[in-house]
Amino acid sequence: MSESWDLRSWTDAAVDVLTLARAGRAGSERTGPLVVAVDGRSAGGKSTVAGSLATAVEDATVVHTDDVAWNHGFFDWVGLLVGGVLEPLARGEVVAYRPPVWVENQREGAIEVPAGVGVVVIEGVGASRRELEPWLDAAIWVQSDADAARRRGIERDITLGRDRPEAVAFWDEWMAQEVPFLAADRPWERADLVVCGTPTQPVDGVLISRGRATPGRPAPQTS
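Computed from a predicted model, the values in this text were never measured in an experiment.

A. A look at helix 1 (residues 10-25). The end-to-end C-alpha separation of helix 1 is 22 Å, in line with the 22 Å expected for 16 residues at 1.5 Å each. Among the residues making up helix 1, those that are buried are Ala13, Ala14, Asp16, Val17, Leu18, Leu20, Ala21, Gly24 and Arg25.

Pasting the structure below:
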């Protein structure tokens, strides 16, 4: 991972990402919208990066892996994301996906990607995991400080209704799976861009470094 950081605006960062995504698509047989993954530690700034990217691009939408994995499992959601979202996108279809657990628990709504979307941002821990690489046109790793992420994550869960001991217990349960998962998968090594999610001081733009070059990604096998 590069230690050389540049300060750029969100718009400039979005242009960088789309340039890499289009370069990646050049060697692929896949159609449909460009797919960009935003990966990183829990509470490390991924949602902020994904939302800012989608805002900077007129025809973009965000899909959160937490929604795909809701009440299913922390990291065993690859089949759901591929079958319910990525395969339809690759076929150029509109997505309105209700995972099986949503149906079983009568959760309303759906994971939606409407017609006319040009960029789909997949956000979540493991969004750029090795199994998904053939489906992605570009990948961002959001680098964050572990202690800062822990503080953010616990406070976020408290605002969502958990008391502090419950929030701490849930964070520790999640980390018991996240830490070995990330250590084994090492998604930062495959990132096209690395973004600082916990800068030491507020900035108007984003601290960013360029990861690997992306000459083209293999086309996924669709069913």
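Don't stop here, the text continues.
B. Examining the packing of aromatic side chains more closely. One pass over the full model with this rule turns up seven aromatic pairs. When the centroid spacing of 6.4 Å and the interplanar angle of 45° are considered together, the rings of Phe170 and Trp174 count as tilted. Of this pair, Phe170 and Trp174 both sit in helix 7 (residues 164-185), separated by four residues, roughly a single helical turn. Of the residues examined, Phe170 reaches a relative accessible area of 25% and is grouped as partly exposed. What makes Trp174 buried here is its relative accessible area of 12%. Linked through ring pairs, Phe74, Phe75, Phe170, Trp174 and Phe181 together constitute an aromatic cluster. In this arrangement the basic side chain of Arg107 is found over the ring face of Trp102, its NZ or CZ atom lying 3.8 Å from the centre. In this structure, Arg162 is placed above the aromatic ring of Phe170, and the distance from its NZ or CZ to the ring centre is 4.1 Å.

C. View of the pattern of salt bridges. By the definition in use, this model includes 14 salt bridges. A salt bridge links Arg107 to Asp67; its shortest N-O distance comes to 3.2 Å. Residue Arg107 is located in the loop between helix 5 (100-104) and strand 5 (111-113), and its partner Asp67 is located in helix 3 (residues 65-68); the two are separated by 40 residues in the primary sequence. The class for Asp67 is partly exposed, based on a relative accessible area of 26%. One continuous salt-bridge network, built from bridges that share partners, spans Arg156, Asp157, Arg162 and Glu166.

D. Up close: the sheet that holds strand 7 (residues 138-143). Strand order in the open sheet formed by seven strands is 1-9-8-7-2-6-3, with mixed pairing between adjacent strands. Sheet topology places strand 1 (6-8) and strand 3 (60-64) at the edges, where each strand pairs with a single neighbour. Along the sheet, successive strands turn relative to each other by an average axial angle of 30°, direction set aside. Two elements, strand 2 (residues 34-40) and strand 6 (residues 119-123), share five bridges in a ladder whose sense is parallel. Considered in strand 6, the bridge of Val35 is made with Val120. In the packing of helix 1 onto the sheet, contacts are made with strand 1, strand 2, strand 6, strand 7, strand 8 (193-196) and strand 9 (206-210), and the angle to strand 2 comes to roughly 120°.

About the cut-offs
- Residues numbered from 1 in each chain as written.
- Predicted model: local features only at pLDDT ≥ 70, side-chain atom pairs only at ≥ 80, totals over all residues.
- Heavy atoms only, no water.
- Helix = DSSP H or I, 4+ residues; strand = E, 2+ residues; numbered from the N terminus.
- Expected span 1.5 Å × (residues − 1).
- Buried < 20%, exposed > 50% of the residue type's maximum accessible area, 1.4 Å probe, protein only.
- Phe/Tyr/Trp six-rings, centres within 6.5 Å; stacked < 30°, edge-to-face > 60°.
- Lys NZ or Arg CZ within 6 Å of the ring centre and 35° of its normal.
- Salt bridge = Lys/Arg side-chain N within 4 Å of Asp/Glu carboxyl O.
- Pairing = 2+ DSSP bridges.
- Axes fitted to C-alpha atoms, helices over the stretch in contact; angles between N-to-C directions.
- Contact = heavy atoms within 4.5 Å.

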